[in-house]
Amino acid sequence: MWGVRLDLRELIATPGGKESFAFTLDPTDLDFDGVLKYLTPITVTGLVENHAGLLELRAGIRADMLCQCARCLKEFQKPLELDVKVYLAQELEDQDSVDFYLIEDGSVDLEEIMRDALIFNFEPRLLCREDCKGLCPKCGKDLNEGPCGCAEDPDPRWLALGQLLEKD
Ligand SMILES: [Zn+2]
Ligand SMILES: [Zn+2]
C-alpha cells in the first residue's frame, strides 16, 4: 500500500484556511502505454483550501517522460503536466463521483487522489507530434521522412489493419 496522508483536522475547523503540500509520487504501477520511463521524479505540489466548509484540493503533477510514439515508434521526451482539482468531503452523497473524496479520520490519501487523476486523464495514445505520419504499413518506412512509393495503391487489407491499429 502507498499512502501520503494529509491531516485536515485543523483546516476543517478554519474557514478560509489553506494547507499546502508537496511530495514525489512512486512511479511503481504508473506504467502507461507509450511511457518507457520517467526521467525525473514525479513531483506533486498543491493546496487544499477551505471555502466556507467546502474543501477544494488543487494540485499539479509534473515529470519528464521518455515515450515511444504510438504511430512511428520513435522515442521522444515529453513533459507530464497534469492539473488536478477535486473536492474533499466528510460525507459522500454520490459515492461514484470521481471529483469527491472522503475524508477519513480527519485526513485524505493524497497519493490515491493523484494516482486516480493520472489513470483517468492520461493520454491514451502518445504521439511524437500531433501530425505524426507513422510507418508505412506495407514497407515499414517512417513516412515522416518522406513518402515510400508504395502508398499510392495501398492493399485494402493493410488499410483495414491500419485503421484497426489507429482505433486502439
Ligand atoms: Zn511519431
Ligand atoms: Zn511503403
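The coordinates are above.
Everything numeric in this text was worked out from a predicted model, so none of it was measured. (Residues numbered from 1 in each chain as written. Chains lettered and ligands numbered in written order. Predicted model: local features only at pLDDT ≥ 70, side-chain atom pairs only at ≥ 80, totals over all residues. Heavy atoms only, no water.)

Looking now at the overall build of the protein. Across its full length, the protein carries 3 helices and 8 strands. Along the protein, helices and strands appear, N-terminal first, in the series β-α-β-β-β-β-β-β-β-α-α. The contacts of the protein with a sequence gap of at least 6 include a subset with a gap of at least 24, amounting to 58%. When the accessible surface of the protein is totalled, it reaches about 10,700 Å², and 50% of it is carbon and sulfur. (Helix = DSSP H or I, 4+ residues; strand = E, 2+ residues; numbered from the N terminus. Contact = heavy atoms within 4.5 Å. Areas by Shrake-Rupley, 256 points an atom, 1.4 Å probe, with all protein chains shown as cover.)

For the zinc ion (ligand 2), the full set of protein donor atoms is Cys136 (SG), Cys139 (SG), Cys148 (SG) and Cys150 (SG), and the range of their distances to it is 2.0 to 2.3 Å. Coordination at the zinc ion (ligand 2) is tetrahedral: its 4 donor atoms span angles of 103 to 124 degrees at the metal. Look at Cys139 and you get partly exposed, because its relative accessible area is 46%. (Donors = N, O, S within 2.8 Å, 3.2 Å for Na, K, Ca; no water. Tetrahedral: all angles 85-135°; square planar, octahedral: opposite > 155°, others 65-115°. Buried < 20%, exposed > 50% of the residue type's maximum accessible area, 1.4 Å probe, protein only.)

Now for the coordination of the zinc ion (ligand 1). Donor atoms from the polypeptide that bind the zinc ion (ligand 1) are Cys69 (SG), Cys72 (SG), Cys128 (SG) and Cys132 (SG), placed at 2.3 Å. Its 4 donor atoms give the zinc ion (ligand 1) angles of 108 to 112 degrees at the centre, a pattern that matches the tetrahedral case. On the primary sequence, the residues serving as donors to the zinc ion (ligand 1) are separated as C-x2-C-x55-C-x3-C. Of the two residues, Cys72 sits in the loop between strand E5 (54-68) and strand E6 (75-89) while Cys128 sits in the loop between helix H2 (110-121) and helix H3 (156-167), which places them 56 residues apart along the sequence. On the basis of relative accessible area, Cys128 is assigned to the partly exposed category, the value being 25%.

Next up on the list: the environment of Pro79. Here Pro79 is to be found in strand E6. Among the residues examined, Pro79 registers a relative accessible area of 43% and is labelled partly exposed. Put simply, Pro79 and Arg62 are 17 residues apart on the chain and 7.1 Å apart in space, counted from C-alpha to C-alpha.

Now for unusual backbone geometry. As a rule of thumb, non-glycine residues mostly have phi less than zero, and peptide bonds are mostly trans rather than cis. The backbone phi angle of Ala52 is positive, close to 45 degrees, even though this residue is not glycine. Along the chain, Ala52 falls in the loop between strand E4 (42-51) and E5. At Asp105, a residue that is not glycine, the phi angle is positive and equals roughly 50 degrees. As for its placement among the helices and strands, Asp105 is situated in the loop between strand E7 (100-102) and strand E8 (107-109).

What follows concerns the pattern of salt bridges. Any two side chains of opposite charge can pair if their charged atoms end up close together. Taken as a whole and assessed by the stated rule, the structure comprises 10 salt bridges. Its salt-bridge partner being Arg9, residue Asp7 comes within 2.6 Å of it at the nearest N-O pair. A relative accessible area of 37% places Asp7 in the partly exposed class. Using a relative accessible area of 55% as the deciding quantity, one classes Arg9 as exposed. Note that Glu49 is salt-bridged to Arg58, the shortest N-O span being 2.5 Å. Beyond isolated ion pairs, a larger network of salt bridges with shared partners links Lys18, Glu49, Glu56, Arg58 and Lys85. (Salt bridge = Lys/Arg side-chain N within 4 Å of Asp/Glu carboxyl O.)

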